[in-house]
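# Architecture at a glance
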Amino acid sequence: MDVRLHLGCGLVHRPGWINLDRYSATAADLLSDAILLPFAEGCAESVQALQLIEHLGYVGTLYGLYEWARVLQTDGVLHLETPDRPATLHATLESETAEKAHPWLFGTEQLGQNHRYLFSADELAQLAEKAGFARVA
């Protein structure tokens, strides 16, 4: 059976996936830190970290990328989704979008929802390549 990991699941439970979060008040099947996974090397066909890495910070994200590369199969797929730093900063400076953009910049005031770092696409691609991902799109 191929393993599919949904990291930092929050309140979203994906059927057919192992849903992980570090907080108990979530839809997690397994409580675990996303950068120290209790899985064997090369066991996962897919890892999703949607709206997660901005909460890990720069160094935490780098550790996470190495860990996710470790658990992924050779042809496995990592799917990341995160706010784009240039677009977010631009939106916070525009009067029409500033109020709606603030949560993307700072996060929210709920447990575990603060944002520690925002990446540009190029910066994130460089980190992924450094962690051993051969193809980055």
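The paragraphs below set out a description of the structure included in this document. Per chain, the residues get numbers from 1 upward, laid out in the order the sequence is written. In view of the model being predicted, local features appear only for residues whose pLDDT reaches at least 70, and side-chain atom pairs are presented and counted only at 80 or more, with totals across whole chains, interfaces and linings using the full set of residues. Based on all heavy atoms of the structure, the side-chain values leave hydrogens and waters out of the count.

Running from N to C, helix α2 (residues 85–93) and helix α3 (residues 98–106) point in directions that differ by 145 degrees, and their axes come no closer than 7 Å. Judged by the twist between their axes, the crossing of α2 over α3 is left-handed. Side by side, α2 and α3 meet where Thr-88, Leu-89, Ala-91 and Thr-92 of the first sit next to Ala-98, Ala-101, His-102, Trp-104 and Leu-105 of the second. Under the grouping applied here, Gly and all other residues not named as nonpolar or charged are polar, the nonpolar ones being Ala, Val, Leu, Ile, Met, Phe, Trp, Tyr, Cys and Pro and the charged ones Asp, Glu, Lys and Arg. The residue inventory of the contact of α2 with α3, partitioned by class, reads six nonpolar, three polar and no charged. Between N-to-C directions, angles span 0 to 180 degrees; the directions come from axes that are lines fitted to C-alpha atoms, helices contributing only their stretch in contact. Per the convention used, a helix needs a DSSP run of H or I reaching at least four residues, while a strand needs a run of E reaching at least two, with both numbered from the N terminus. By convention the crossing between two helices is left-handed if the near helix lies anticlockwise of the far one by an angle smaller than a right angle, and right-handed if it lies clockwise. What makes two residues a contact is simply this: any of their non-hydrogen atoms within 4.5 Å.

Here we come to the packing of helix α1 (residues 53–71) against helix α4 (residues 121–130). Closest axis-to-axis distance for the α1/α4 pair is 8 Å, and the angle between their directions is 30 degrees. Relative to α4, the element α1 lies roughly parallel. In contact with Ile-53, Tyr-58, Thr-61, Leu-62, Leu-65 and Tyr-66 of α1, α4 contributes Glu-123, Leu-124, Leu-127, Ala-128 and Lys-130. The residue inventory of the contact of α1 with α4, partitioned by class, reads eight nonpolar, one polar and two charged. Working rule for angles: under 35 degrees goes down as roughly parallel, over 145 as roughly antiparallel, 65 to 115 as roughly perpendicular, anything else as oblique.

The next subject is the state of the cysteines. Any two cysteine sulfur atoms within 2.5 Å of one another count as a disulfide. Under the counting rule described, the total for this entry stands at zero disulfides. Here Cys-9 stays unpaired: no disulfide links it, and the sulfur of Cys-43, its closest cysteine neighbor, is 17 Å away.

This paragraph deals with α1. Between its terminal C-alpha atoms α1 stretches only 17 Å, short of the 27 Å expected from 19 residues at 1.5 Å a residue. At Val-59, α1 shows its maximal bend, which comes to roughly 95 degrees. An expected span of 1.5 Å times one less than the residue number is assigned to each helix. By definition, a residue's bend is the angle between the axes fitted to the seven residues ending there and the seven starting there.

Salt bridges are identified by distance alone: a Lys or Arg side-chain nitrogen within 4 Å of an Asp or Glu carboxyl oxygen. Considering all chains together, one arrives at three salt bridges under this definition. Residue Arg-22 pairs with Asp-33 through a salt bridge whose shortest N-O separation is 3.6 Å. Taken together, the residues span a long stretch of sequence, with Arg-22 in the loop between β2 (18–21) and β3 (30–31) and Asp-33 in the loop between β3 and β4 (44–50) at a distance of eleven residues. Judged by relative accessible area, which is 55%, Arg-22 ranks as exposed. Note that Glu-67 and Arg-70 form a salt bridge whose closest N and O atoms lie 2.9 Å from each other. Of this pair, Glu-67 and Arg-70 both sit in helix α1, three residues apart, roughly one helical turn. Under the scheme applied here, a residue whose accessible area is under 20% of the maximum for its type counts as buried, over 50% as exposed, and between as partly exposed, the area being computed with a 1.4 Å probe on protein chains only. By relative accessible area, which is 10% here, Glu-67 ends up buried. The class for Arg-70 is partly exposed, based on a relative accessible area of 27%.

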